[in-house]
Amino acid sequence: EILPETLGRKISTILIEVANIPRAILASFDQSAVLRQNVLLTAGHPIKAVSAMRDMFRGAWSPKNFDAIDAATKANPLYVKLVASGFDYLTISGKQLTKRAEPYMTQLAQRIPVIGAIVRWSERGFVTYSNRLRADIFYGYARQFAGKKGETKILSELANVLNVMSGRDTLKGG
């Protein structure tokens, strides 16, 4: 009984990976993190956006830089509240598939010679920018609401708004 479920799951994963190759390749040649996915947050927080953009290029350029920027974001004392609030923190390939950035929901495109290097570069940049900008905005507001009545609910609603405004979630009905 376990074998068919595992086999079915493997086949499903392979089909999803193959179907997402074109999306990953196309997403690698645009700057959708800044100009599409996070445009509202970028426009609303230009200073944080410039800082996140600088890190986007640093993180894209080098896996080592990506890891350092990611570690710095997670080292913030408010990171625990960020995660507890339901914030959708993105990861890169090889991690949990559902937490990866939607355009990069395949690892197969990264195995294509030459194109794969561009896809990996772009994914690191996308994830760095999206996480840094949204986390910095969250951290700023979290400091303002620290210790206030209803802090947990406010931070949960803030995380939802940040997820929605960056295309990571849908609006929840009232």
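One can find the structure itself at the top, above this paragraph.
First, a word on what this report is: a plain description of the structure on this page. (Residues numbered from 1 in each chain as written. Predicted model: local features only at pLDDT ≥ 70, side-chain atom pairs only at ≥ 80, totals over all residues. Heavy atoms only, no water.)

### Observations regarding the overall build of the protein chain
To be explicit about the condition: The helix count covers DSSP runs of H or I at least four residues long, the strand count covers runs of E at least two residues long, and both are numbered beginning at the N terminus. Working definition: with a 1.4 Å probe on protein chains only, accessible area under 20% of the residue-type maximum means buried, over 50% means exposed, and in between means partly exposed. Contacts are residue-level and defined by heavy atoms, with any inter-residue pair within 4.5 Å sufficient. Areas reported as accessible are Shrake-Rupley estimates using a 1.4 Å probe. Residue values count occlusion only from the protein chains shown.
Within the protein chain, the secondary structure is distributed over nine helices and zero strands. Written out in order from the N terminus, the α and β elements of the protein chain read α-α-α-α-α-α-α-α-α. Burial status across the protein chain gives 43% buried among its 174 residues. Contacts in the protein chain between residues at least 24 apart in sequence constitute 71% of all its contacts with a sequence separation of at least 6. Just so you have it, the protein chain exposes about 9,900 Å², and 65% of that area is on carbon and sulfur atoms.

### A short note on the pattern of salt bridges
This is how it is decided: A pair is scored as a salt bridge if a Lys or Arg side-chain nitrogen falls within 4 Å of a carboxyl oxygen belonging to Asp or Glu.
Using the criterion set out here, one finds six salt bridges in the structure. Of the charged contacts in the structure, one is a salt bridge between Asp55 and Arg132, with a shortest N-O distance of 1.9 Å. Of this pair, Asp55 sits in helix α5 (residues 46–61) while Arg132 sits in helix α8 (residues 115–145), and the two are 77 residues apart along the sequence. Take Asp55 and Arg132: they sit in the same class, and that class is buried. Here Lys74 makes a salt bridge to Asp70, at a shortest N to O gap of 3.2 Å. Separated by four residues within a single helix, Lys74 and Asp70 lie in helix α6 (residues 63–75), roughly one turn from each other.

### Things to note about the nonpolar core
Generally speaking, nonpolar side chains in soluble globular proteins are found buried as a group. Note the cut-off: Buried Ala, Val, Leu, Ile, Met, Phe, Trp, Tyr and Cys residues that are joined via side-chain atoms within 4.5 Å together make up what is termed a nonpolar core.
Ranked by internal contacts, the top residues of the largest apolar core, which has 27 residues, are Leu82, Phe87, Tyr129, Leu133, Phe138, Tyr139 and Leu162. Looking at this core, the elements that each hand over two or more residues are α3 (32–37), α5, α7 (79–84), α8 and α9 (151–165). When residues in this core are grouped by element, the largest group, nine residues, is from α8. Setting aside anything within four residues of it in sequence, one finds Phe138 in contact with Leu78, Lys81, Leu82, Ser85, Phe87, Leu155, Leu158, Ala159 and Leu162.

### Quick notes on the packing of α5 against α6
Which entries qualify depends on this criterion: An axis is simply a line fitted to the C-alpha atoms; with a helix, the fit covers only the stretch in contact. Between two such axes, the angle follows the N-to-C directions and lies from 0 to 180 degrees. An angle below 35 degrees is read as roughly parallel, one above 145 as roughly antiparallel, one from 65 to 115 as roughly perpendicular, and any other as oblique.
Between α5 and α6, whose axes approach to 5 Å, the crossing angle comes to 135°. In this view, α5 runs oblique relative to α6, as classed from their interaxial angle. Touching Asp55, Arg58, Gly59 and Trp61 of α5 are Pro63, Asn65, Phe66 and Ile69, all from α6.

### What to know about α8
Operational definition: A helix is expected to span 1.5 Å for every residue after the first.
Compared with an ideal rise of 1.5 Å per residue, which puts 31 residues at 45 Å, α8 spans 45 Å between its outermost C-alpha atoms and is within 8% of the ideal. One or two steps after α8, the chain reaches Gly147, where phi turns positive at roughly 75°.

### Points about the packing of aromatic side chains
Within a pair of aromatic rings, the relevant descriptors are the distance that separates the centres and the angle that separates the planes. Just so we agree on the cut-off: Each Phe, Tyr or Trp ring, with Trp reduced to its six-membered ring, pairs with another whose centre is within 6.5 Å; inter-plane angles below 30 degrees give stacked pairs, above 60 give edge-to-face pairs, and intermediate values give tilted ones.
Per the stated rule, a full pass over the model turns up four aromatic pairs. Look at Phe138 and Tyr139: their rings are 6.3 Å apart centre to centre, the planes differ by 75°, and that puts the pair in the edge-to-face class. Residue classification places Tyr139 among the buried positions, given a relative accessible area of 3%. The rings of Tyr79, Phe87, Tyr89, Phe138 and Tyr139 are connected pair by pair, giving a single aromatic cluster.

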